[in-house]
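Descriptive analysis of the structure
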Amino acid sequence: DTAVSQTPKYLVTQMGNDKSIKCEQNLGHDTMYWYKQDSKKFLKIMFSYNNKELIINETVPNRFSPKSPDKAHLNLHINSLELGDSAVYFCASSHYTGGGDQETQYFGPGTRLLVL
Amino acid sequence: DAKTTQPPSMDCAEGRAANLPCNHSTISGNEYVYWYRQIHSQGPQYIIHGLKNNETNEMASLIITEDRKSSTLILPHATLRDTAVYYCIVRAYNTDKLIFGTGTRLQVFP
């Protein structure tokens, strides 16, 4: 069984459209993340949610809105897509062990977004 | 910004040990050293982490110098499937933010 899954795997869309990427984890983790890997292969964190609460919100345009309906899901909605949004988006999850410590992060396979 | 420095690329013969260095000279007392790898644009995969002591698991060994300013990831018997980009990351105890640098591209050749 896949631990962290993402859909779709590939997404090709036009500029200006609104799209969503879904992420699900079956590891029982309470924290989920979104990362963006651009064409130069730099991997940067965008958001993290712990128990459906937003914890990390990096400098990301407000066209990007994460939504966590429950602890096992963290979706990423992107409004008014731009050419520069083309990238690979990775979801990840981990378990909070208390005292500020977080266990290791497990990553999904990625969603390759191409904006034309 | 990443707090680590790694060589951009390395080669290793199949079956030999791959030793990947990482410099983290500004590491502070409550920061861990983590290693992840990314195989051909798949999701990053956790390898190992440590604080002060050397660590070993089924994938690799992590050697941290006594002053903690550098570390080495050792893949004892590299295979072609170990070809990947290896990221050394310093993470504070009280944060879950992983800051990825540019990593080392390891090429294992037959």
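Everything that follows concerns the structure shown earlier in this document.
In this report, we go over the structure that sits alongside the text. (Residues numbered from 1 in each chain as written. Chains lettered and ligands numbered in written order. Predicted model: local features only at pLDDT ≥ 70, side-chain atom pairs only at ≥ 80, totals over all residues. Heavy atoms only, no water.)

A few words now on the overall build of chain B. Assigned secondary structure in chain B consists of zero helices and nine strands. C-alpha atoms of chain B, sized along the principal axes, occupy 40 × 25 × 25 Å. The proportion of buried residues among the 110 residues of chain B is 44%. Pairs at least 24 apart in sequence give 55% of the contacts found in chain B among residues at least 6 apart. Total accessible area computed for chain B in this model is approximately 5,600 Å², and 49% of it derives from carbon and sulfur atoms. (Helix = DSSP H or I, 4+ residues; strand = E, 2+ residues; numbered from the N terminus. Buried < 20%, exposed > 50% of the residue type's maximum accessible area, 1.4 Å probe, protein only. Contact = heavy atoms within 4.5 Å. Areas by Shrake-Rupley, 256 points an atom, 1.4 Å probe, with all protein chains shown as cover.)

Before going further, it helps to spend a moment on the sheet that holds strand 5 (residues 55-56) of chain B. Residues and elements named next belong to chain B. Ordered by their spatial adjacency, four strands build an open sheet running 2-7-6-5, and the pairing between neighbours is antiparallel. Only two strands of the sheet have a single partner each, and these edge strands are strand 2 (18-23) and strand 5. Relative to strand 7 (residues 70-75), strand 6 (residues 61-64) runs antiparallel, the two being bridged by four bridges. Opposite Ile63, over in strand 7, you have Thr72 as the bridge partner. (Pairing = 2+ DSSP bridges.)

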